[in-house]
Amino acid sequence: MSKKVVIVGAGFSSLAAASYLAKYGFEVTVVEKNKEVGGRARQLKKDGFTFDIGPTFYWMPDVFEKFFNDFGKTVSDYYELIQLDPGYQIYFGEKYSIPVSADFEKTLQTFEEVEKGSGQKLQKFMNVAEENYNIAIKDLVYQPGESLMEIVTPKTALKLGSFVKTIKKDVGNYIDHPELKQILEFPVLFLGAKPSTTPSFYNFMNYADLKLGTWHPRGGMYKVVEGMTKLAKDLGVKIETGCEVKAFDIRQNEVISVQTSNGTFECDILLSGADYHHTEHLLPEGFRQYSENYWAKKTFAPSALLFYVGFDKKLQNLTHHTLFFDTDFEKHAECIYDSKSWPDEPLFYASFPSMTDDDAAPEGQEAGIFLIPLATDIEDTPEIREKYFDLILDRIERLTDQKIVDHVLFKESFCINDFKSEYNSYGGNAYGLANTLLQTHILRPRLKSKKLKNMYFTGQLTVPGPGVPPSLISGKIVSDLILKYHL
């Protein structure tokens, strides 16, 4: 008889693990507290508009392709990909923005036009970034974090300096122009930390950005969730939504069943893709691996204030993904990581999926998603949300030279309180633990419990880290770990 696995949560990492475990012959049941699968990658539909609530950037397409290939499938079996060109643009001032082309040769030209000689320097920087990407994908990120020796290889030994040096310093060694520096420092934000605290080895994110490109699944990121859900179900995975976990039953240092709002599910193995801290707090204190003090000392990736807005007209001077870096990045970063306060002049990001995808908004109208990165666990009130909504729309009007405030049909918001209530997110974080040097690989919370013989974890609070592609990888490596110890 096949062993029963219960997986808590139905985000990317859980869905990935569910498919691998079903393929390996386990009997898999996924229990999800919300009414829809997808975890943070759910969807909002309103008045003919469709918004991705969570992730909107589709980077590292090779990781998604590898996932589906592992089951004899391809991405195109489940959704259509559109490459964005430009991948995104960044506003640095009024009517002044720099587009990042899908064609790397054009990006080299853009750099050269802004700063003479920087095109050749960017090429050298990218040669290293590509080398690091190949090492990361082939040798590092698919390791389970059980031993430091997993990542000590002849290749990584030669890269020791890049784990000590930071992204900020590395970029500064190649580029002098402040705005070009910001373009190269931007991708590290997906790792949840400041460029000044992230190891320069992670410049492989620049390769993912400038060489592998930015993509959009037609219908939105939720199409990826739907594809993964179909794959899992076709493999025999059972998914129970609206099924909140209340407690775990433990006998002889093993979880034997999961108590939920929909009844009790027996298990031979328990895997949680839900918030790590929340999951451990459902356990008796003696079975928790990490103390409150442990979590309090960790550097978390930011939370976010998000708005989902319907406009009654098409917008101008913007692209599908647009970044607004017209204020001081360091001051905003200090508010997130140091003072833990609301920024006076925030940087922010906007996505307009209807510029690419006709399904995102009614004809002649525009769907807008806006995100301000924030510190975790700060005050979150309707009045504060309204203040920042007015602030960013006023900025967009000024920077892009158009009227948009009077064309808002509706808006919905999502912030710290919602991350806590919807996802049981520690401190209301949006992206998990930051990938700093002291929170890399074996220094992150473990995939396998040290206290319970049959309990495992997956997702952005454990290895390899935050982001959608790492979540797919996390689901893969934890399922291999379960196979190693239980089959």
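For clarity, every value in this text was computed on a predicted model and none was experimentally measured.

**Here we look at helix H14 (residues 382–400)**
- When the terminal C-alpha atoms of H14 are compared, their 27 Å separation across 19 residues agrees well with the 27 Å that a helix rising 1.5 Å per residue should span.
- For H14, every residue scored as buried is listed here: Ile384, Arg385, Tyr388, Phe389, Ile392, Leu393, Arg395, Ile396, Glu397, Leu399 and Thr400.
- Directly beyond the C-terminal end of H14, a positive phi value near 55 degrees is found at Asp401.

**Focus on a negative patch on the surface**
- A surface patch of like charges, here negative, comprises Glu27, Glu254, Glu266 and Asp268.
- With respect to the element layout, Asp268 can be found in the loop between strand E12 (263–266) and strand E13 (269–272).

**Let's talk about the environment of Asn417**
- Positionally, Asn417 belongs in helix H15 (residues 416–423).
- Separated by 112 residues in sequence, Asn417 and Leu305 place their C-alpha atoms 10.0 Å apart.
- Residues contacting Asn417, with those up to four places away along its chain left out, are Asp380 and Arg385.

**Digging into the layout of surface pockets**
- For the largest pocket, the calculated volume is near 250 Å³.
- In terms of lining, the largest pocket is formed by 13 residues, of which the most central are Leu148, Ile151, Val152, Leu160 and Phe163.
- Of the residues that constitute the lining of the largest pocket, the class distribution is nine nonpolar, four polar and no charged.

**With respect to the pattern of salt bridges**
- If you walk through the whole model with that rule in mind, you get 24 salt bridges.
- Ionic pairing is found between Lys165 and Asp170, a salt bridge with its closest N-O pair at 3.6 Å.
- Residue class for Asp170 comes out buried when judged on its relative accessible area of 6%.
- Several salt bridges share partner residues, and in doing so they unite Glu36, Arg42 and Glu422 into one network.

**A look at the side chain of Asn206**
- Looking at the element boundaries, Asn206 is found in helix H9 (residues 204–210).
- Engagement of the side chain of Asn206 in a polar contact is seen with the backbone oxygen of Leu184, the distance being 2.9 Å.
- Aside from chain neighbours lying at most four places away, what touches Asn206 is Phe125, Met126, Leu184, Pro187 and Lys211.

**What about the pairing of E12?**
- Where strand E11 (residues 254–260) and E12 come together, four bridges link them in antiparallel fashion. Looking at E12, one finds that Gln259 is bridged to Thr264.
- Following E11, the chain reverses through two residues before pairing antiparallel with E12.

**What about the packing of helix H7 (residues 167–174) against helix H8 (residues 178–185)?**
- Taken N-terminus to C-terminus, the directions of H7 and H8 make an angle of 135 degrees; their axes are 10 Å apart at the nearest point. When the axes of H7 and H8 are compared, the pair comes out oblique. In terms of crossing hand, the pair formed by H7 and H8 is right-handed. Here Lys168, Val171 and Gly172 of H7 come into contact with H8, specifically with Lys181, Leu184 and Glu185.
- In the contact of H7 with H8, the residues fall into two nonpolar, one polar and three charged.

**Looking at the sheet that holds strand E19 (residues 455–457)**
- Spatial strand order, E9-E2-E1-E13-E19: five strands in an open sheet with parallel pairing. A single partner strand is all that each edge strand has here, and the edge strands are strand E9 (238–240) and E19. Each strand of the sheet is rotated relative to its neighbour by a mean of 20 degrees, with strand direction disregarded.
- Bridge analysis of E13 against E19 gives three bridges, and the strand direction is parallel. Within E19, the position partnered with Leu271 by the bridge is Tyr456.
- Sitting on the sheet, helix H16 (residues 468–486) touches E13 and E19, and the angle it makes with E19 is about 160 degrees.

Conventions and cut-offs
Residues numbered from 1 in each chain as written. Predicted model: local features only at pLDDT ≥ 70, side-chain atom pairs only at ≥ 80, totals over all residues. Heavy atoms only, no water. Helix = DSSP H or I, 4+ residues; strand = E, 2+ residues; numbered from the N terminus. Expected span 1.5 Å × (residues − 1). Buried < 20%, exposed > 50% of the residue type's maximum accessible area, 1.4 Å probe, protein only. Patch = residues over 30% accessible without salt bridge, like charges linked within 9 Å, V, L, I, M, F, W, Y side chains within 5 Å. Areas by Shrake-Rupley, 256 points an atom, 1.4 Å probe, with all protein chains shown as cover. Salt bridge = Lys/Arg side-chain N within 4 Å of Asp/Glu carboxyl O. Lys, Arg positive; Asp, Glu negative; His and termini not counted. Charge placed at Lys NZ, Arg CZ, Asp CG, Glu CD. Contact = heavy atoms within 4.5 Å. 1 Å grid on protein atoms, 1.4 Å probe; cavity = no way out; pocket = protein on both sides within 12 Å on 5 of 7 lines; lining within 4 Å. Points joined across faces, edges and corners; volume = space filled by probe spheres on them. Nonpolar A, V, L, I, M, F, W, Y, C, P; charged D, E, K, R; others polar. Polar contact = N/O pair within 3.5 Å; in protein donor to acceptor, adjacent residues only side chain to side chain. Pairing = 2+ DSSP bridges. Axes fitted to C-alpha atoms, helices over the stretch in contact; angles between N-to-C directions. Parallel < 35°, antiparallel > 145°, perpendicular 65-115°, else oblique. Left-handed = near helix turned anticlockwise from the far one by under 90°.

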